[in-house]
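# Structure assessment
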Amino acid sequence: MSRFGKLLGLIALGGLAIRWAYAIHIRDYLVQGDAMTFHLVGQRIADGLGFTEHVPPGGPTAEHPPGLFVFWAILDRLGANGYLTHRMALGLVGTGTVVLLGLVGRRIGGDRLGLVTAALAAVYPMLWTAEGSLMSEGLYGFFLVASLLAALWVRERPTWRRAAALGALIGLAALTRGEALALIVLLAVPVAIASRPGWRGRAALWGVSLAAFAAVLAPWTVFNLTRFDQPVLISTNSNGVFIGANCEDTYYGDLIGAWRFQCYTERLPGEDEAEFFARQRRIGIEYALDHADRWPAVIAARLGRLLDVYRFDQSVFFNSAEGRPAAWAARAIRAYWVVGVLAIAGAVLLARRRPFGLVVLAAPIVMVVLVAIVTYGGTRFRYGAEPSLVVLASVTLLAAGERLAAWWRARRPDRAGDAGAARA
């Protein structure tokens, strides 16, 4: 192994130790909401009941993308079906994300940036508290960062195989969290434009990525067409989110810009999951159109919540309801504030030195901003941008370290000269 590989391995071991220590520390923390849904549906799949609802009426479900369900089902079939075991499994996946981030940093700025990026990813609580929440983010992060690495890989040598790998990885990310669908445009299109000189070649390269992306999504989408009357590309919940984000409680008052489950209407008799969520979407969109005068205030609040600069107390509470103990959620948000400021400086530095690297890292950031504007804001929705923020913050840390080292080296001869003069 190279020196870089050895150091990256040591950093990964440290990151794994942090993740497993955290998993053990919160082993008795209450599992509820989406985390419980992932757990119970995964268990039903392992028991041979397929993708079915864990609550009455027990019909077919596609409430969430299938990625984490399948992951839990595989672990359950192997006998690893406890919450602690699942947290440790996602901690192992998160360690893989640390390694991938190190490789992304290396491709953008060399070995030193790769190691600094991996080290920051290993200790950054916004990553490992998400992995410990038993939500889809832990698995999503792995595929998302792999997609960023593949994008840099394509730019380095734009072959059909590499373009196909990029599309397939974006597809896997989308099968874990639906908003990653946007990356086939926000990430794959700029990669194709930067990698080929003519528009025909660029279109062909992106077409290969698009074909691989569609091939990965097709089995799940076709499967849903056989189960629901309504078309379901990734999940039914992507429709239902509109009503919780567009109702009186989230357009006025303390919850402006957030999401509220109580805004859902009752499920009608004989209505399957897809029909129910499609109806919630219609109600939510109608409410939004009827209250267009509130959009500026609501969107501002959504972005404030996405960036965790609005209603810190509510952010901590919402995180605690989503599997992150309040004290750790507060620490993670404060760490994010520091990383976010460093990332802004890193973006300026990278724009001067490696503009294509900035284009790749900006794609998930643009994605989460668009999602927040259209739906609602929150810490969890920002997770897709966190890996990019880690790399950008690492650019700043490395630059600061190099300047400090240069300053220190410049002072050493003067000190040596002063010491010699004193002896004389």
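For the structure given in this document, a descriptive report is provided here. Counting starts from 1 at the beginning of each chain's written sequence and moves along it residue by residue. In keeping with the predicted nature of the model, local features appear solely for residues at pLDDT of at least 70, side-chain atom pairs appear and are counted solely at 80 or more, and the whole-chain, interface and lining totals rest on all residues. Each side-chain value is worked out from all heavy atoms of the structure, with water and hydrogens disregarded.

### Details of the packing of aromatic side chains
Basically, it comes down to this: Classification of ring pairs rests on two measures: the distance between centres of Phe, Tyr or Trp rings, Trp counted by its six-membered ring, which must be within 6.5 Å, and the angle between planes, read as stacked under 30 degrees, edge-to-face over 60 and tilted in between. Secondary structure elements are taken from DSSP: a helix is a run of H or I of four residues or more, a strand is a run of E of two residues or more, and numbering for both begins at the N terminus. Partly exposed residues are those whose accessible area sits between 20% and 50% of the maximum for their type, while under 20% is buried and over 50% is exposed, using a 1.4 Å probe and protein chains only. We count a charge as sitting over a ring when the NZ of a lysine or the CZ of an arginine lies within 6 Å of the ring centre and within 35 degrees of the ring normal.
Within this structure, the stated rule accounts for 23 aromatic pairs. Taken together, a centroid distance of 5.0 Å and an interplanar angle of 65° make the contact between Phe 51 and Trp 220 edge-to-face. You can see Phe 51 sitting in the loop between helix 2 (33-46) and helix 3 (67-77) and its partner Trp 220 sitting in helix 11 (residues 199-225), a full 169 residues away along the chain. For the residue pair Phe 51 and Trp 220, the accessibility class agrees, reading buried in each case. Plain terms: the ring middles of Trp 259 and Tyr 376 are 6.2 Å apart, the flat faces sit at 25° to each other, and that makes the pair stacked. Taken as a pair, Trp 259 in the loop between helix 13 (248-251) and helix 14 (273-290) and Tyr 376 in the loop between helix 18 (355-374) and helix 19 (386-423) lie far apart in primary sequence, 117 residues in all. In this structure Tyr 376 comes out as buried when scored by relative accessible area, which is 16%. Members of the aromatic cluster, joined through ring pairs, are Trp 259, Phe 261, Tyr 264, Phe 276, Phe 277, Tyr 376 and Phe 381. Above the ring of Trp 160, the side-chain terminus of Arg 196 is found at 4.7 Å from the ring centroid. Lying across the ring of Trp 328, Arg 331 places its NZ or CZ 4.5 Å from the centre.

### Some details on the state of the cysteines
Two cysteines form a disulfide when their sulfur atoms are joined by a covalent bond. Here is the rule: By disulfide we mean two sulfur atoms from cysteines, separated by a distance within 2.5 Å.
Tallying each qualifying case throughout the model produces one disulfide. One disulfide bridge connects Cys 247 with Cys 263, the sulfur atoms lying 2.0 Å from each other. What sets the handedness of the Cys 247 and Cys 263 disulfide is the S-S torsion sign, and at about 55° it is right-handed. Here Cys 263 lies in the loop between helix 13 and helix 14 and Cys 247 lies in the loop between helix 12 (237-245) and helix 13, a separation of 16 residues in the sequence. Exposure class is identical for Cys 247 and Cys 263. Each is buried.

### A few points about helix 16 (residues 312-321)
Quick note on the threshold: Should any heavy atoms of two residues lie within 4.5 Å, those residues are counted as being in contact.
Of the residues making up helix 16, those classed as buried are Gln 314, Ser 315, Val 316, Asn 319 and Ser 320. Where helix 16 is buried, its residues touch helix 15 (295-306) and helix 17 (326-353).

### Details of the pattern of salt bridges
Cut-off, in case you're wondering: Within this document, salt bridges are pairs made up of a side-chain nitrogen of Lys or Arg and a carboxyl oxygen of Asp or Glu, the two lying within 4 Å of each other.
Enumeration according to the criterion identifies 16 salt bridges in this entry. With a shortest N-O distance of 2.5 Å, Glu 156 and Arg 107 are connected by a salt bridge. Remark: Arg 107 occurs in helix 4 (residues 83-109) and Glu 156 occurs in helix 7 (residues 137-156); sequence separation between them is 49 residues. In this structure Arg 107 comes out as partly exposed when scored by relative accessible area, which is 41%.

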